[in-house]
Amino acid sequence: MAESPAGLTSQNWNPTQDQQQPTATPEQLIAKSIAPVKPQFLRPPPSRASQKDTTSSTVSDSNNDISKSNNTHTTSVVAKEKKSKRQLKRERQQEKKSSVNLCPELAKTGDVNSCPYKNNCRFNHDLEAFKAQKPDDLEGECPFVNGEGSCCPYGLACRFYGTHKGHDGVRNGKKQISEINGLNKDVQKLLWKNKMKFLKADSVLKSLGLMGQGKSKVKKVDEEEVEKVVDDNDSHGTNDTNENGCGDGGNESAGKLNGAAEVLGCDDVDGVLTDEVRPQKKAKSAVEVNGCSGEEVNGLGIPEKDIENNCPLETEPELVADKLEVIADSVETDGSLKLHPREKKLIDFRGKLYLAPLTTVGNLPFRRVCKALGADVTCGEMAMCTNLLQGQASEWALLRRHSSEDLFGVQICGAYPDTVTRTVELIDQECTVDFIDINMGCPIDIVVNKGAGSSLLTKPMRMKSIIEATSGTVEKPITVKVRTGYFEGKSRIDSLIVDIGKWGASAVTIHGRSRQQRYSKLADWDYIYQCARKAPDSLQVLGNGDVFSFVDWNNHKSDCAELSSCMIARGALIKPWIFTEIKEQRHWDISSGERLNILKDYVRSGLEHWGSDTKGVETTRHFLLEWLSYTCRYVPVGLLDVIPQRLNWRPPSYYGRDDLETLMASDSAADWVRISEMLLGKVPDAFTFAPKHKSNAYDRAENG
């Protein structure tokens, strides 16, 4: 038996004792979608009551306990926890002033006088109080300090501060730039003010007759009020806020702006996706309100008096220069200059291993892990178009790209042609991506109810408008993600495959399930093959659904030569080394130690991405736990009577070949927390965790 890692006690179990005798053959188990684990490794299902961890954390151990508690106390919990947005904002501001949140500038330098905002800073400046409550350093090395002389940007706040070894450079420490596609602050202000110009998109929309104003279900905010809020925000020092958000500049005005944005659907108390609506009509500029000349330069929306410095500038000079450069490229004086879809730069997906865009778990650190294990193509998490156009920083974070992602795309989701087209133009200008994927298959209710995602499968003319407008606006390839249909057996996508190619899409990915199926039942690959054979030569077709081994990959490629590639989604969540297995054409009987090393790589990437301070550590822990809620479904190759494992098999309760493997096989959230504590230290007091996605219970039908 392999040596147990630190923190795990030996169980000294005997595989021949305390186990149920198998009553079914492997074939019978497979027919019931139960993984055929070898009899000597089986064990009775653990008692939930005995697994609760009452010493280190309070964790929900089963979905049954959660649902039972929710059903019993629904009324009281809602009445007790529901707070107004003003209350939540006040609590956030008070929390920033607590000793836990040390001023970032003070943390870097250790000098109380280093913060330019002094007493007006929104963070705490009590260095001694911060040191008194700061938890002990974590084991391991700081991810930002290495032999090349780089310094940690978090300074005193870093949970690995003891490994900084007295670097003097901490005073000027900056995070190494290995990520791109951040949101420019000047662009964000233009988006807040609704003054961003979309010349290419509007030109294409106008030529297609798609510029009409649509109905909005969201109450519009008075334009002058939004203008006043944003101008107040500028006058209170937002421009002076440093990269860490230190400083009090614009706290109140930013709050007013957030309040206006909430009416527009930017935020939601329940934390769900916001209403998918088209952006408001452009508000009056401050220059026009002040009586200055409203003449525009080349249609850019920058008054001549701004350029002459006779009126206050609306944008930074660098942004003005950038926009003037963009306008020269974007104005089309001759329709014949427009690129035909076949003249665009295309991406050959044939034979490439494509990691699907995965909500919540498919973050940048996870993609880095998959790249290291053999993935060829990566794609960011789905971002809502309206949120991007409103300048939401949290939504723009989904577009970030790591330097290791050599073939990278972003996925967006929207309901209207103008919204999606303007988002595509904005991404093309502000981000470095190789392709843009439009999600027309998302089954989530909040998305579908707003007319986006798989709802578009019932509206082929709107699909046409979106694909034509976006492909005509940018030169980058536009790809589309769809399902087989909305309802099972109705309005199927095969009737649109030829048209999708004609509309301008470079590739289409077909998930072999309908929206009604969600993630229940096996994917219909015969139908995917049928669509691939119908597709024109100019349209690449990729399949998606239940790829969980190199055998699945080989079968799909050999059964349909017209299929360009396969997208791998949940298979990568459960075992990210699937990319290595496909490239090396083998079943990897990976050990628990090797799996732990993969988790260590993820944690290190997470700390680099989210930060090595307390907030960054806990954010990394949260996403690690979300990922562990999937990895527990993996059954090691050496424990199976029949290989390879199929995605729809439900693992029985079993012992691993060592203590760590047994722990990794647990479906208890308390055990996932124990694994996280091996990598990130003890969880905070009163810590709780429950998986976010319903698809975690993959064996339950989620028919809609």
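What counts and how
- Residues numbered from 1 in each chain as written.
- Predicted model: local features only at pLDDT ≥ 70, side-chain atom pairs only at ≥ 80, totals over all residues.
- Heavy atoms only, no water.
- Helix = DSSP H or I, 4+ residues; strand = E, 2+ residues; numbered from the N terminus.
- Buried < 20%, exposed > 50% of the residue type's maximum accessible area, 1.4 Å probe, protein only.
- Contact = heavy atoms within 4.5 Å.
- Areas by Shrake-Rupley, 256 points an atom, 1.4 Å probe, with all protein chains shown as cover.
- UniProt positions renumbered as here; feature names shortened; annotations may be inferred.
- Pairing = 2+ DSSP bridges.
- Axes fitted to C-alpha atoms, helices over the stretch in contact; angles between N-to-C directions.
- Left-handed = near helix turned anticlockwise from the far one by under 90°.
- Nonpolar A, V, L, I, M, F, W, Y, C, P; charged D, E, K, R; others polar.
- Expected span 1.5 Å × (residues − 1).
- Parallel < 35°, antiparallel > 145°, perpendicular 65-115°, else oblique.
- Salt bridge = Lys/Arg side-chain N within 4 Å of Asp/Glu carboxyl O.

**Topic: the overall build of the protein chain**
When helices and strands are counted, the protein chain shows 28 helices and 11 strands. Counting the 704 residues in the protein chain, one finds 52% classified as buried. Within the protein chain, counting contacts between residues at least 6 apart in sequence, those at least 24 apart form 73% of the total. Split by element, the accessible area of the protein chain, about 32,900 Å² in all, is 47% carbon and sulfur.

**Points about the UniProt feature "domain: C3H1-type" (unreviewed entry) in the protein chain**
This chain's UniProt record puts "domain: C3H1-type" (unreviewed entry) on residues 97-128. Spanning residues 97-128, this segment combines 25% helix with 0% strand, and its end C-alpha atoms are found 14 Å apart.

**Quick look at the pairing of strand E8 (residues 478-483)**
In terms of burial, E8 is a largely internal element, 6 of the 6 residues being buried. What you see with E8 is no split at all: Ile-478, Val-480 and Val-482 on one side and Thr-479, Lys-481 and Arg-483 on the other are buried throughout. In this structure, E8 lies alongside strand E9 (residues 507-511), joined through 5 bridges in parallel fashion. Along E9, the bridge assignment pairs Thr-479 with Ala-507.

**Points about the packing of helix H25 (residues 592-610) against helix H26 (residues 614-631)**
When two helices pack together, their arrangement is given by the angle between the helix axes and the distance between those axes. Contact geometry for H25 and H26: axes closest at 9 Å, N-to-C directions at 145 degrees. Crossing handedness for the pair H25 and H26: right-handed. Along its contact with H25, which presents Arg-595, Ile-598, Leu-599, Tyr-602, Val-603, Gly-606, Leu-607 and Trp-610, the element H26 presents Gly-616, Val-617, Thr-619, Thr-620, Phe-623, Leu-624, Trp-627, Leu-628 and Thr-631. Looking at side-chain class alone, the contact of H25 with H26 contains 11 nonpolar, 5 polar and 1 charged residues.

**What about helix H28 (residues 669-680)?**
For H28, spanning 12 residues, the distance from its first C-alpha to its last is 16 Å, which sits close to the expected 16 Å at 1.5 Å a residue. For H28, the buried fraction is high: 10 of the 12 residues fall into the buried class. Within the span of H28, buried status applies to Ala-669, Ala-670, Asp-671, Trp-672, Val-673, Ile-675, Ser-676, Glu-677, Leu-679 and Leu-680. Two residues or fewer past H28, Gly-681 is found with a positive phi of approximately 80 degrees.

**Things to note about unusual backbone geometry**
Here Ile-643 and Pro-644 are connected by a cis peptide whose omega angle stands at 5 degrees. With respect to the helices and strands, the residue Pro-644 is situated in the loop between H26 and helix H27 (659-664). You will see that Gln-585, though not glycine, has its phi angle at about 55 degrees, which is positive. You can see Gln-585 is positioned in the loop between helix H24 (578-584) and H25.

**Here we look at the packing of helix H8 (residues 199-207) against helix H19 (residues 460-473)**
At their nearest, the axes of H8 and H19 sit 9 Å apart, and the two run at 135 degrees to each other. Between H8 and H19, the crossing angle belongs to the class labelled oblique. For the pair H8 and H19, the sense of crossing is right-handed. Counted together, Lys-200, Ala-201, Val-204 and Leu-205 of H8 and Ala-469, Gly-472 and Thr-473 of H19 form the full contact between these two elements. Here the contact of H8 with H19 is built from residues that sort into 4 nonpolar, 2 polar and 1 charged.

**Considerations on helix H17 (residues 417-430)**
Helix length check: H17 (14 residues) gives 20 Å between terminal C-alpha atoms against 20 Å at 1.5 Å per residue, within 8%. Across the 14 residues that make up H17, a large majority, 11, are buried. Among the residues making up H17, those that are buried are Pro-417, Asp-418, Thr-419, Val-420, Thr-421, Arg-422, Thr-423, Val-424, Glu-425, Leu-426 and Ile-427.

**Quick look at the pattern of salt bridges**
Throughout the structure, instances matching the rule amount to 25 salt bridges. Lys-583 is the salt-bridge partner of Asp-376, the closest N and O atoms lying 2.9 Å from each other. Of this pair, Asp-376 sits in the loop between helix H14 (364-372) and strand E3 (378-379) while Lys-583 is found in helix H24, placing the two residues 207 residues apart along the sequence. Of the residues examined, Lys-583 reaches a relative accessible area of 48% and is grouped as partly exposed. Across the pair Glu-562 and Arg-533 runs a salt bridge whose closest N-O atoms are separated by 3.9 Å. Residue Glu-562 is located in the loop between helix H22 (550-559) and strand E11 (565-568), and its partner Arg-533 is located in helix H21 (residues 525-534); the two are separated by 29 residues in the primary sequence. Since its relative accessible area comes to 48%, Arg-533 is described here as partly exposed.

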